[in-house]
Amino acid sequence: MKTEKMVTMANQIATFFASQPGDRAGLIAAHINDFWEPRMRRQLFDHVAAGGAGLDALVLDAMEQVHEPADSA
């Protein structure tokens, strides 16, 4: 997936959960953990490690709770 598309998708999730009460970062992380396949989560982790350009602050906060996929051999 193109990085720009992944950033857009992550930011759309953040926008949706921004209006929800409670732990918004936890809600974002839960959504990503439940619905993003490991390759997508790996790409997200790699993008954050490279600086996370374009990602909403809520997505960056949620990354502490997103499950990092195991590297495939």
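In the block above lies the structure referred to throughout.
Residues numbered from 1 in each chain as written. Predicted model: local features only at pLDDT ≥ 70, side-chain atom pairs only at ≥ 80, totals over all residues. Heavy atoms only, no water.

**Quick notes on the packing of helix 1 (residues 3-18) against helix 3 (residues 38-49)**
In the contact formed by helix 1 and helix 3, the axes pass within 11 Å of each other and the chain directions differ by 95 degrees. The orientation of helix 1 with respect to helix 3, classified from their angle, is roughly perpendicular. Along its contact with helix 1, which presents Thr3, Met6, Val7 and Met9, the element helix 3 presents Met40, Gln43, Leu44 and His47. For the contact of helix 1 with helix 3, the class distribution of residues is 5 nonpolar, 3 polar and no charged. (Axes fitted to C-alpha atoms, helices over the stretch in contact; angles between N-to-C directions. Helix = DSSP H or I, 4+ residues; strand = E, 2+ residues; numbered from the N terminus. Parallel < 35°, antiparallel > 145°, perpendicular 65-115°, else oblique. Contact = heavy atoms within 4.5 Å. Nonpolar A, V, L, I, M, F, W, Y, C, P; charged D, E, K, R; others polar.)

**Here's the deal with the pattern of salt bridges**
Scanning the model with the defined rule gives 3 salt bridges in all. Put simply, Asp46 and Arg42 hold a salt bridge, and the shortest N to O gap is 3.5 Å. Of this pair, Asp46 and Arg42 both sit in helix 3, 4 residues apart, which is roughly one turn of the helix. A salt bridge links Arg42 to Glu68; the nearest nitrogen and oxygen atoms lie 3.2 Å apart. Of this pair, Arg42 sits in helix 3 while Glu68 sits in the segment after helix 4 (57-62), placing them 26 residues apart in sequence. What emerges from the salt-bridge pattern is a single network uniting Arg42, Asp46 and Glu68. (Salt bridge = Lys/Arg side-chain N within 4 Å of Asp/Glu carboxyl O.)

**A few points about helix 3**
Here helix 3 contains 12 residues, and its C-alpha end-to-end distance of 16 Å stays within 8% of the 16 Å for a straight helix at 1.5 Å per residue. Within the sequence span of helix 3, burial applies to Met40, Arg41, Arg42, Gln43, Leu44, Phe45 and His47. In this structure, the buried residues of helix 3 make contact with helix 1 and helix 2 (24-35). Positive phi appears at Gly51, one or two residues downstream of helix 3, with a value of about 120 degrees. (Expected span 1.5 Å × (residues − 1). Buried < 20%, exposed > 50% of the residue type's maximum accessible area, 1.4 Å probe, protein only.)

**Examining the side chain of Asn33**
Position of Asn33 relative to the elements: it lies in helix 2. Within polar-contact distance, the side chain of Asn33 engages the backbone nitrogen of His67 at 2.7 Å. Contact partners of Asn33, with chain neighbours within four places excluded, come to Arg41, Gln65, Val66 and His67. (Polar contact = N/O pair within 3.5 Å; in protein donor to acceptor, adjacent residues only side chain to side chain.)

**Let's talk about the packing of aromatic side chains**
Aromatic ring pairs: the centre-centre distance and the angle between the two ring planes describe each pair. Throughout the structure, instances matching the rule amount to 1 aromatic pair. An angle of 80 degrees between the planes, with centres 4.9 Å apart, marks the rings of Phe16 and Phe17 as edge-to-face. Residue classification places Phe16 among the exposed positions, given a relative accessible area of 51%. With relative accessibility at 14%, the residue Phe17 sits in the buried group. (Phe/Tyr/Trp six-rings, centres within 6.5 Å; stacked < 30°, edge-to-face > 60°.)

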